[in-house]
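Fold and contact review
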Amino acid sequence: MLYFKTCQSLINIVKFIRHELLKKNMDKRVENLSLDAKEKIAYSVIEDVFNRFSRPVVVWSAGKDSTVVLHLVKKYVENTGVNMPPALFLDHGQHYDETFSMLDSVSKDWGFRVVVAKNDDFINKVRDGKVMVSDLNTENMKELEKIGLNGDTIQYNLDSETGNHLLKTVPMKNAIRKYRFDALFVGVRWDENLARSSEVFLSKRNDPEHFRVHPILTFTEKDVWAYIFKYKLPIHPLYYKGYRSIDGKNDSKPISDKPAWEQDLENTSERAGRSQDKEGIMERLRTLGYM
Amino acid sequence: MKPNIILIVVDTLRRDAIQPYNEKARTPNINNFSNDSNVFQDAISPSPWTLPSHASLFTGLYPTEHKVRNLPDMDISTNFFKMRELLRGNKSILLSEELRKRGYNTVASVANPILSPESGFDEGFDVYMQMDYAGINTRYKMDNIRKRYGNLELGILPRIVLDGNVSYLADVLKYFYDTWDNYKRSGQPLIKGGTSILDLILSSSFEQPFFLFLNLMEMHEPYLKSDFLRDVINRNVYTNILDAAGVKNFSQSLIKKYNKAYFEEAGLSDSIIGKLISHLKISGVYDNTVIVLTSDHGQALREKNFFGHGTFLYDEIIKIPLIIKLPENRKIKIKEGYQSLTSLKDFILHQVDNDGTEDTITEDCVFSEENRKRIFLTPNLARFEDIISGTLASRRCVFRNGFKLSVNAEEGSIEEFTLNGSPVTGSEYPQEFNDLLYELEIFRGNDNLKLPREV
């Protein structure tokens, strides 16, 4: 076990170095490109998807990136007169109240439906911050088998592979199946995480079969804020309090007392306040179907 | 060994025509068969007519998704290749291809002209044969002739002679003769290809595992001998649409005759299926075979002043039978909910890959849709086009928890809101109404359709 852990941390170190080396090149792919041009790229991607898919959906967390994607989609919808697609919200039960009020107000103002995907079975069975594996329904059990978990209990948090998989990926896949979504707009960007740095605009996924669409891959964190101020988009209140990346109450922390956009975006890590990345499990989560 | 798969679509069969769904119906063979099988009580067809429903069956997708939902340019014969493109270009692999990839011997015999080999439904089949009123494999030639001369009426004979197309002349004369011969020999109920299909199956032997797909047309109009020749020759199968559009009203006695004839056809279909099943038992393949008996849509017998199918999403048209026999006559525990033909593909593949006894068909919520705004009309009906188009519209409906909401999505109006088949109002059940509307809104996807307002 110790040997295994040592190997894993060595691999993580190698990956980290590789990332730092690659990052420079990755950033160069869109270096000096204006926000206008990046918006046009995003718009073309969205247009292509609306032309070829019948049931798109925007994965929306009320965070900055997915709100930008939602707004880009809204612009396309307003220009062409097609229906505004619904938004898909992954409710893991640990969201901030501010997140829900933002869901309500933006969906009302912009006129779209929010489809909530939630693993009720798991969340209803939480006692003292954990769930007995034997209490879970067969579907959740099967999912646990798939990711190879053994043990009697699961911690109710998002920063573990199990928690993230059962609370976010599984309900998301179920919603795709149930509502027959064929294209998911996702606010993934090249610069935010090693595991996402080689993502492509349209990427095919199986089980269930659908496409992930990434219109703002080329945006940097700075571009996202520039876009938000350019179009006066609503901003999640926690960004004012120093959060750079927002998810659950227990896995997101403010990393400064300055608003997110006033922090040193280029020389500090955007997701430092998020536990998913510290553990280096992002790549593994993504092979299980996460974004 | 992998189970054989037999998929029997009894075209235009509604539930109450067969005994497992209606004690009064006289279909003893289907009834015996249902004792070995799982009888699903809430199956819904994704479309009220043949083409989109079959495409859903083979792709596992709704018409909105597979797009095979219209005969593009009104003329069936010249546009079949477009359907093949659509079927091929689909994101989903056809059931027939999936089974062929798994080593199945894939064979089909169909009677509905819409499923003729040119339509693209032959993709994935090793052998695909279409039967016709006139007998085996004549239609293929006939379509070439139709493309050139139009409908097969006696009037085209002089033109063929003047053109000096002797081989065409021989083919057309044979077609007329065969059809006439069939007409003379046929009594009531009318045989529309089913017995030829049966003869073919009984005289063939298939290497196992096999996938056999059959489409029987006996339940489909025409129902009266007097309609038979006219409909076959002119392809004038739209009397029902004329009736719905109010151009031509059926007399009460005619309606009675049609209804009687419809249920008589069920008896004929039952005997064809009975013989097929006996044959399977005698050949020793029955036990290790998954047999699915279903329909692509039902038939309205003027319950709501409409005779036929297509156009509307009435219960008589989209509630269909679904009976599935598993290997060793295994039973599955059927869940609460609805079954859509779109789930059948995955269920069959699940049987092939996993031997499952789980109900993977039933869902909380299923849909049905109609998208035609124009239909192909023969020249003699062309003058009614405007009137007929008036009844056509994009329609959507959804079933959930006993409720059904059906809308005309052109006008954004409500056509039906029912609870267990009885009309209710949105003010009585506002929450349920809005929930169904919400499902329709998401199901609508990119289609530019109007939906009613929330209550």
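Let me begin by describing the structure that accompanies this report. (Residues numbered from 1 in each chain as written. Chains lettered and ligands numbered in written order. Predicted model: local features only at pLDDT ≥ 70, side-chain atom pairs only at ≥ 80, totals over all residues. Heavy atoms only, no water.)

Re the overall build of chain B
Applicable threshold: Helix and strand definitions here come from DSSP, where helices need a minimum of 4 consecutive H or I residues and strands a minimum of 2 consecutive E residues; each element is numbered from the N-terminal end. Residue exposure (1.4 Å probe, protein chains only): buried if accessible area is under 20% of the type maximum, exposed if over 50%, otherwise partly exposed. Only heavy atoms matter for contacts: two residues are in contact if any of them lie within 4.5 Å across the pair. Under the convention used here, a 1.4 Å probe and the Shrake-Rupley method define accessible areas, while residue burial counts only the protein chains that appear.
Scanning chain B from N- to C-terminus turns up 16 helices and 17 strands. For chain B, the residues scored as buried account for 62% of the 455 residues in total. For chain B, the share of sequence-separated contacts (at least 6 apart) that also reach a separation of at least 24 residues comes to 71%. Surface accessibility of chain B: about 17800 Å² in total, with carbon and sulfur atoms responsible for 49%.

Some remarks on the overall build of chain A
Helix and strand counts for chain A come out as 10 helices and 8 strands. Counting all 291 residues of chain A, 54% fall into the buried class. For chain A, restricting intrachain contacts to residue pairs at least 6 apart in sequence, the fraction spanning at least 24 positions comes to 69%. About 13700 Å² of surface is accessible on chain A, with carbon and sulfur atoms providing 52% of the total.

What about the interface of chain A and chain B?
Our working rule: By definition, the buried area sums, over both parts, the 1.4 Å-probe accessible area that each loses when the two are put together. What counts as a salt bridge is simple: a side-chain nitrogen of Lys or Arg found within 4 Å of a carboxyl oxygen of Asp or Glu. Two N or O atoms form a polar contact when they lie within 3.5 Å of each other; inside protein one atom must be a possible hydrogen donor and the other a possible acceptor, and for residues adjacent in sequence the pair counts only when both atoms belong to side chains. Throughout this entry, Asp, Glu, Lys and Arg are counted as charged residues, while Ala, Val, Leu, Ile, Met, Phe, Trp, Tyr, Cys and Pro are counted as nonpolar. The remaining residues, Gly among them, count as polar.
Each partner contributes to the interface: chain A provides 18 residues, whereas chain B provides 21 residues. Interface area for chain A against chain B, summed over the two sides, is near 1800 Å², with a carbon-plus-sulfur share of 37%. Where chain A packs against chain B, one counts 5 salt bridges. Linking chain A with chain B are 12 residue pairs in polar contact (both at pLDDT 80 or more), by the criterion used here. Put simply, the parts of the chain that give the side of chain A that touches chain B at least two residues each are β3 (114–118) and α7 (161–179) of chain A. Taken together, the residues of the side of chain A that touches chain B break down into 8 nonpolar, 3 polar and 7 charged.

Points about the environment of Arg-395 of chain B
Residues and elements named next belong to chain B. By the secondary structure assignment, Arg-395 is in strand β14 (residues 395–400). A relative accessible area of 4% places Arg-395 in the buried class. Residues Arg-395 and Ser-413 lie 18 residues apart in sequence; the distance between their C-alpha atoms is 9.8 Å. Within polar-contact distance, the side chain of Arg-395 engages the side chain of Glu-415 at 2.8 Å.

Concerning the packing of aromatic side chains
Residue and element names in this part refer to chain B. What counts, and what does not: In this scheme Phe, Tyr and Trp rings, the latter by its six-membered ring, pair at centre separations within 6.5 Å, and the angle between planes marks the pair as stacked below 30 degrees, edge-to-face above 60, and tilted otherwise. A ring is scored as having a charge over it whenever the NZ atom of a lysine or the CZ atom of an arginine sits within 6 Å of its centre and within 35 degrees of its normal.
Scanning all chains against the criterion turns up 38 aromatic pairs over all chains. In textbook terms, an aromatic cluster arises when at least three aromatic residues are bridged by ring pairs, as seen for Phe-58, Phe-121, Phe-125, Tyr-128, Phe-211 and Phe-213. Positioned above the aromatic ring of Tyr-286 is the side chain of Lys-281, whose terminal nitrogen or guanidinium carbon lies 4.7 Å from the ring centre. A cation sits over an aromatic face here: Lys-325 above Tyr-286, 4.4 Å from the ring centre.

What about helix α8 (residues 166–185) of chain B?
Definition in use: Multiplying one less than the number of residues by 1.5 Å gives the expected span of a helix.
With 20 residues, α8 of chain B extends 28 Å from end C-alpha to end C-alpha; this agrees with the ideal 28 Å at 1.5 Å per step. Listed in full, the buried residues belonging to α8 of chain B are Val-172, Tyr-175, Phe-176, Asp-178, Thr-179, Asp-181, Asn-182 and Tyr-183 of chain B.

Focus on a nonpolar patch on the surface
For the record, the criterion: Patch membership needs two things, relative accessible area over 30% and no salt bridge, and members are linked within 9 Å if like-charged or within 5 Å if nonpolar (Val, Leu, Ile, Met, Phe, Trp, Tyr).
Taken together, the side chains of Leu-10, Ile-13 and Ile-17 of chain A present a nonpolar region at the surface, about 290 Å² in accessible area. Checked against the element boundaries, Leu-10 of chain A lands in helix α1 (residues 2–28).

Looking at unusual backbone geometry
A cis amide bond links Asp-207 of chain A to the next residue, Pro-208 of chain A, at an omega of -10°. For Pro-208 of chain A, the position within the fold is in the loop between β7 (202–205) and β8 (210–213). Residues other than glycine seldom take positive phi values, yet Arg-180 of chain A does so here, at roughly 60°. Within the fold, Arg-180 of chain A resides in the loop between α7 and β6 (183–185). Even without being glycine, Asn-401 of chain B reaches a positive phi, approximately 45°. Structurally, Asn-401 of chain B is set in the loop between β14 and β15 (403–408). Given the relative accessible area of 62%, Asn-401 of chain B is considered exposed.

Some thoughts on the pairing of β14 of chain B
Residue and element names in this part refer to chain B. Note the following rule: Note on pairing: two strands pair once DSSP finds at least 2 bridges between them.
For β14, the tally of buried residues reaches 6 of 6 residues, placing the bulk of the element in the interior. Residues of β14 alternate between two faces, with Arg-395, Cys-397 and Phe-399 on one and Arg-396, Val-398 and Arg-400 on the opposite face, all of them buried. Where strand β13 (residues 365–370) and β14 come together, 6 bridges link them in antiparallel fashion. If you follow Glu-370 over to β14, its bridge partner there is Arg-395. Following β14, the chain reverses through 2 residues before pairing antiparallel with β15; Asn-401 in that reversal takes a positive phi of roughly 45°.

Things to note about the pattern of salt bridges
Residue and element names in this part refer to chain A. Applying the stated criterion to the full structure yields 44 salt bridges over all chains. The shortest N-O distance in the salt bridge between Asp-223 and Lys-38 comes to 2.5 Å. Separated by 185 residues along the polypeptide, Asp-223 in helix α8 (residues 221–230) and Lys-38 in helix α2 (residues 35–52) bring together distant segments of the chain. Residue Lys-64 pairs with Asp-65 through a salt bridge whose shortest N-O separation is 3.3 Å.

Observations regarding the pairing of strand β1 (residues 56–59) of chain A
Residue and element names in this part refer to chain A. Burial along β1 is two-sided: Pro-56 and Val-58 facing one way and Val-57 and Val-59 facing the other are all buried. Sheet topology note: the β1/strand β2 (residues 87–91) ladder contains 2 bridges and is parallel. Directly across from Val-59, in β2, lies its bridge partner Leu-88.

Regarding the side chain of Asn-371 of chain B
All names here are of chain B. Position of Asn-371 relative to the elements: it lies in the loop between β13 and α15 (385–391). Side chain to side chain, Asn-371 and Arg-396 meet in a polar contact 3.0 Å long. Excluding its chain neighbours within four sequence positions, the residues that come into contact with Asn-371 are Pro-63, Arg-69, Asn-70, Ser-394 and Arg-396.

Things to note about the sheet that holds strand β17 (residues 422–423) of chain B
Residue and element names in this part refer to chain B. Cut-off, in case you're wondering: Lines fitted to C-alpha atoms define the axes, with helix axes restricted to the stretch in contact, and inter-axis angles between N-to-C directions lie between 0 and 180 degrees.
Ordered by their spatial adjacency, 5 strands build an open sheet running β13-β14-β15-β16-β17, and the pairing between neighbours is antiparallel. On the outer flanks of this sheet lie β13 and β17, each paired with one strand and no other. Contacts from helix α16 (residues 430–444) reach β13, β14, β15 and β16 (413–419), with the element oriented near 125° to β14.

Let's talk about the sheet that holds β3 of chain A
Residues and elements named next belong to chain A. Spatially, 6 strands are ordered β3-β2-β1-β6-β8-β7 in an open sheet, and the strand pairing comes out mixed. Among the strands making up the open sheet, the edge pair consists of β3 and β7. For this sheet, the mean angle separating the axes of adjacent strands, direction not counted, is 30°. Pairing analysis gives 3 bridges linking β1 to β6, with the strands arranged parallel.

Concerning the packing of helix α3 (residues 64–80) of chain A against α8 of chain A
Residue and element names in this part refer to chain A. Threshold: Any angle that is under 35 degrees is reported as roughly parallel, and any over 145 degrees as roughly antiparallel; angles of 65 to 115 degrees are reported as roughly perpendicular and all others as oblique. Crossing handedness is defined as follows: a turn of the near helix away from the far one that is anticlockwise and smaller than a right angle gives a left-handed crossing, while the clockwise case is right-handed.
Relative orientation of the contacting elements α3 and α8 amounts to 55°, with a least axis distance of 10 Å. Classified by the angle between their axes, α3 and α8 sit oblique to one another. Like other packed secondary-structure pairs, α3 and α8 cross with a definite hand, here left-handed. Residue-level contacts link Lys-64, Asp-65, Val-68, His-71, Leu-72 and Lys-75 of α3 to Glu-221, Val-224, Trp-225, Tyr-227 and Ile-228 of α8. Taken together, the residues of the contact of α3 with α8 break down into 6 nonpolar, 1 polar and 4 charged.

Details of helix α4 (residues 97–110) of chain A
Three- or four-residue spacings in an α-helix give side chains the same orientation, since the helix completes a turn every 3.6 residues. All names here are of chain A. Note the cut-off: When we speak of the arc, we mean the arc of directions from the helix axis to the C-beta atoms.
The end-to-end C-alpha separation of α4 is 20 Å, in line with the 20 Å expected for 14 residues at 1.5 Å each. Turning to α4, its buried residues number three or more, namely Thr-99, Met-102, Leu-103, Val-106, Ser-107 and Trp-110. Axial view of α4: buried residues confined to an arc of 115°, hence all on one face. Turned more than 90 degrees away from the buried face of α4, the exposed residues are Asp-97, Lys-108 and Asp-109.

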